[in-house]
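What the coordinates show
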Amino acid sequence: MTHIFIIGLNHVSAPLDIREKFALEGDSRLTVLADLSAIVDEVVFLSTCNRTEVIYSAAAVEKHDHVRGFIQRLGDLTLDQFEQFFYCHSDRTALTHLFRVAAGLDSMIPGETQILGQMKRAFDDSFRHGYTSGNFERIYQHMLNTAKTIRTETDIGKGSVSVGTVAVQLAGNIFGDLDDKAVVLIGAGEMSENAAEQFHRVGVGAFKVVNRSIERAAELAARFGGVPYGLDEIRTPLIAADVVVCSVSSQGYVIDRTLAGDIMEARRNRALFIIDIAVPRNVEPQVHEIPEIYVYNIDDLKKLVDRNLDGRIAQIARGEAMIADRVDELSSYDRRVLSGLIQSLQERVTEIKVKELEKLFRRNEAFTEDGRAQIEQAVNQIVNKILHDPIISLRRELQKRERGSRKIVDIFKDFFNL
Amino acid sequence: MIRHILHASIPFVAIGLVSFILYSFNRKQRVFAVATIASVIAFVFLSAALIAQLGRTGLAAAKIGGAHYLVLAWIVMMIYFLAEFRYRIRLLGSIMMPLALMLILIGVFDEGATGARDLPFTSGITIAHMIFVFLGFGMICLAFAASLLYLLKKNALKNHLISALDDRLPALPTLDRLMEAAFYAGFPAFTLGIILGIVHAGSAFQSGWIWHPTIIGALASWGFYSVLFFMRQSGWISSLRFATGIVILFGVIILSFFLTSHQSLRHQSTTDVNVPLHSR
């Protein structure tokens, strides 16, 4: 009897130093996949920075122990460590877990889509190298459909969950199209650089970098085709700015209420979006009181990110309910296949039996009605006894197994020429 | 026959009304689809009823009780459908359609007493007055809906609310453009409508008509509209104040409109046909 198993670890079950031992890329990932395929019938090997999983099917339970041993050796782990950091799922729970992972319900950021791409790649590798059969293909299709349905029918992927993306989205809501907008970066450190990258990605072309050290400002400005300014010249770029990102280390406010009022007058009250990600803050809180200035500090942005994240977490239960339905669907599909198989087998045997009895009775017309009935009864009993065990075994499969095996179906079909 | 058509539209009006209001809270695609389908069906019924009535009585249909609400509802719905087709701002429907659908309900059920409320549509001038005023009002409805969304979005952005990130509430410049376009488009129609109304009132009504609340209300609305128009044109007011002004203007016009509907008795011409639409 073949079972499906998943052995794996993720960001919840294992710390980084353990996870990184199993985060394999390129050829080393394919080598591990090849080694695993020698142990089990079908196998898929998923390896990302946050998750490593071996998804496989095996008829014999001892093969499960072989896989465990292989993983222990791969990460140089003791049995205790293995049991502490790895989770094992089988059959229905394995399928449920697989669908959860694909839909992003099990990810660090619920609803993220990167994992689905990584899973597709893992399955594709196994299909390409022949490490899986039609059984996994069907599971794979179900997995993709389920992930897509969950994504479209729930709000699991709704709302930005990174500070940078939220800031860009807010800018879009204030200004609409960002292509012709000017971004002023106050500070030339890593945070300014990250912010510039985010805005550059959405099409902003005009950057101005303001910094104490004009050299450092020029360096960053050059990367994005911008213009450098010294901190003492801050007024000029602010008048032309649409978005201002403040991340300079300063004990006092870089933009206070007076300066903001002054530049707004010069700008004829054109909207200004200020993102203050510096700690301590660069922008005086009263600046936000000016109607056309929108000031967001790091806490404001994080609050929005958390709200979006909460919204996604709230959708997990809906996604799980959909997964339960899909797993049931997959199981009922197997039941339908096996029921059909039993029916075909019975029809085939009945057809042979009727044909052979007719031949026998045609050749020997001397048989009395009573004799014919006795022969027919005997043949029926023989046939039923022969069929009894395989049919019972198949029925037991239906009752016991949560997921069918393509291989059993194939063997049965070949065996009885169905 | 016409009564049956109008009554048949009531379930769709009710479904549309509830769904559009529901959509403003839950923002579900399916709810919006139901709201749109129901209101399109209601619109078709309404159009059929108005066309049938027009075919039967010609422009005299305009003086039938409740008809002015129905015509106004038809214009508001038409403007919403066009705006939705052009801008794809679904939340506009949550503001404009309940208003239009409510007008249909008032128009359908404004039976019996309606004859007494008929406007004195005895000439081409009064018909043109009504059409222009209604067109102007339809555009102000659109400007009002856009202004309300603008104020909501602005409030969300200023107060760091999660709806600041709601992409179903469009960016501020989009809403700004829409409210401005609708506001400007409504002004000539509304102005022409008011002028025609005053010309008619001066010639048809009793002396002292100029002090009647209907006329005062209409002139006050137009005056406020003109001031707002001039200030926006001159760049004296920000988008925030402009949006607030439009919301106030809408309130003033609604008040004036209902005042007009209920004060018309004194102005009524003796040649009016006081037959409710439903009894035909």
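Residues numbered from 1 in each chain as written. Chains lettered and ligands numbered in written order. Predicted model: local features only at pLDDT ≥ 70, side-chain atom pairs only at ≥ 80, totals over all residues. Heavy atoms only, no water.

1. Some remarks on the overall build of chain A
- When helices and strands are counted, chain A shows 15 helices and 10 strands.
- Here chain A holds 418 residues, and 48% of them are scored as buried.
- Contacts spanning at least 24 positions in sequence make up 70% of the contacts within chain A whose residues lie at least 6 apart.
- Element-wise, carbon and sulfur atoms account for 51% of the exposed surface of chain A, whose accessible area totals about 20,400 Å². (Helix = DSSP H or I, 4+ residues; strand = E, 2+ residues; numbered from the N terminus. Buried < 20%, exposed > 50% of the residue type's maximum accessible area, 1.4 Å probe, protein only. Contact = heavy atoms within 4.5 Å. Areas by Shrake-Rupley, 256 points an atom, 1.4 Å probe, with all protein chains shown as cover.)

2. A look at the packing of aromatic side chains
- Under the definition given, this model contains 29 aromatic pairs over all chains.
- Judged by centre distance (6.2 Å) and plane angle (85 degrees), the rings of B:F20 and B:F32 are edge-to-face. Taken together, the residues span a long stretch of sequence, with B:F20 in helix 1 (residues 2-26) and B:F32 in helix 2 (residues 29-57) at a distance of 12 residues. The same class applies to B:F20 and to B:F32, which are both buried.
- Three or more aromatic residues joined by ring pairs form one cluster here, namely B:F183, B:Y184, B:F187, B:F190, B:W222, B:Y225, B:F229 and B:F242.
- Over the face of the ring belonging to B:Y87 we find B:R86, whose NZ or CZ atom lies 4.8 Å from the ring centre.
- A cation over a ring is seen here: B:K158 above A:Y294, with NZ or CZ 5.6 Å from the ring centre. (Phe/Tyr/Trp six-rings, centres within 6.5 Å; stacked < 30°, edge-to-face > 60°. Lys NZ or Arg CZ within 6 Å of the ring centre and 35° of its normal.)

3. With respect to the interface of chain A and chain B
- Across the contact, 23 residues belong to chain A and 18 residues belong to chain B.
- Between chain A and chain B, a total of about 1,700 Å² is buried, with carbon and sulfur atoms accounting for 51% of that surface.
- Contact with chain B buries surface across chain A, with A:N173, A:Y294 and A:L304 losing the most and accounting together for 30% of the total.
- Counting the contacts that link chain A with chain B gives two salt bridges.
- Between A:E292 and B:K154 there is a salt bridge, with the nearest N and O atoms lying 2.8 Å from each other.
- The interface formed by chain A and chain B holds 13 residue pairs in polar contact (both at pLDDT 80 or more) in total. (Buried area = accessible area lost by both parts, 1.4 Å probe. Salt bridge = Lys/Arg side-chain N within 4 Å of Asp/Glu carboxyl O. Polar contact = N/O pair within 3.5 Å; in protein donor to acceptor, adjacent residues only side chain to side chain.)

4. A word on the side chain of A:T154
All names here are of chain A.
- Relative to the helices and strands, T154 is located in the loop between helix 7 (134-153) and helix 8 (163-175).
- Among the polar contacts made by the side chain of T154, one reaches the main-chain carbonyl oxygen of I150 at a distance of 2.6 Å.
- Those residues within four positions of T154 in sequence are excluded, and the remaining contacts are T149, Q315, R318, G319 and M322.

5. Side note on the layout of surface pockets
- Put simply, the largest pocket is a space of about 850 Å³.
- Lining the largest pocket we find 25 residues, and of these A:R268, A:N269, A:R270, B:S238 and B:S239 sit closest to its centre.
- For the lining of the largest pocket, the elements supplying multiple residues, two or more each, are helix 8 of chain A together with helix 7 (172-204) and helix 9 (239-263) of chain B.
- Its residues assigned to classes, the lining of the largest pocket comprises 11 nonpolar, four polar and 10 charged. (1 Å grid on protein atoms, 1.4 Å probe; cavity = no way out; pocket = protein on both sides within 12 Å on 5 of 7 lines; lining within 4 Å. Points joined across faces, edges and corners; volume = space filled by probe spheres on them. Nonpolar A, V, L, I, M, F, W, Y, C, P; charged D, E, K, R; others polar.)

6. Section: the pairing of strand 1 (residues 3-10) of chain A
Residues and elements named next belong to chain A.
- Most of strand 1 sits inside the fold, with eight of its eight residues counted as buried.
- Because side chains alternate across strand 1, one face comprises the buried residues H3, F5, I7 and L9, and the other comprises I4, I6, G8 and N10, equally buried.
- Two elements, strand 1 and strand 3 (residues 51-58), share eight bridges in a ladder whose sense is antiparallel. Along strand 3, the bridge assignment pairs L9 with T52.
- The pairing of strand 1 with strand 4 (residues 87-90) spans four bridges and is antiparallel. Pairing of I7 across the sheet is with C88, part of strand 4. (Pairing = 2+ DSSP bridges.)

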